[in-house]
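So the chains spell out like this:
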Amino acid sequence: MDKVLVEVYIPASEKSYDVFLPLDSKLYEVVYLLASTMAELTQGEFSANPDTVLCDRNTGQMLNINLTVEENGVMNGTKLMLV
């Protein structure tokens, strides 16, 4: 399974985490798992809900949850934001 290493920034906690994402996973699966994990890591500073989205940190553009990580153009070193 091919993976990419990305940086995920959580504005609620003002912290960033390095995360490996599988290229062939649909983004809705990734968002669900990231939201759950980040809620635990931030000890409640970030609260996951059904409206949680993953954005490109540089442009602020939301990623399409119906596409895979690779189809969204996510590569090694991509900076993302979970809001």
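It should be noted that the structure appears before, not after, this text.
Definitions and limits used
- Residues numbered from 1 in each chain as written.
- Predicted model: local features only at pLDDT ≥ 70, side-chain atom pairs only at ≥ 80, totals over all residues.
- Heavy atoms only, no water.
- Core = buried A, V, L, I, M, F, W, Y, C linked by side-chain atoms within 4.5 Å.
- Buried < 20%, exposed > 50% of the residue type's maximum accessible area, 1.4 Å probe, protein only.
- Helix = DSSP H or I, 4+ residues; strand = E, 2+ residues; numbered from the N terminus.
- Contact = heavy atoms within 4.5 Å.
- Expected span 1.5 Å × (residues − 1).
- Arc of directions from axis to C-beta.
- Pairing = 2+ DSSP bridges.

## Observations regarding the nonpolar core
- Core analysis: the biggest nonpolar cluster contains 21 residues, and Leu21, Leu34 and Met38 have the highest contact counts within it.
- For this core, the secondary structure elements donating two or more residues are β1 (3-10), β2 (15-22), α1 (27-41) and β4 (79-82).
- Considering every element that reaches this core, the biggest residue donor is α1, with 6 residues.
- With residues up to four places along the chain from it excluded, the contact list for Leu21 reads Asp2, Lys3, Val4, Val6, Val30, Leu34, Val69 and Leu80.

## With respect to α1
- The end-to-end C-alpha distance of α1, which contains 15 residues, comes to 20 Å, matching closely the 21 Å that a straight helix rising 1.5 Å per residue would cover.
- Regarding α1, the residues found buried are Leu27, Val30, Val31, Leu34, Ala35 and Met38. One face of α1 carries all of its buried residues, which in axial projection span an arc of 130 degrees. Seen from the open side of α1, the exposed residues pointing more than 90 degrees away from its buried face are Tyr32, Leu33 and Glu40.
- Where α1 is buried, its residues contact β1, β2, β3 (54-56) and β4.
- Gln43 lies just past α1 and shows a positive phi near 50 degrees.

## With respect to the pairing of β2
- Here β1 runs beside β2; their pairing, made up of 8 bridges, is antiparallel. Considered in β2, the bridge of Val6 is made with Val19.

So, to be careful, I would describe these as geometric facts and stop short of saying anything about function.
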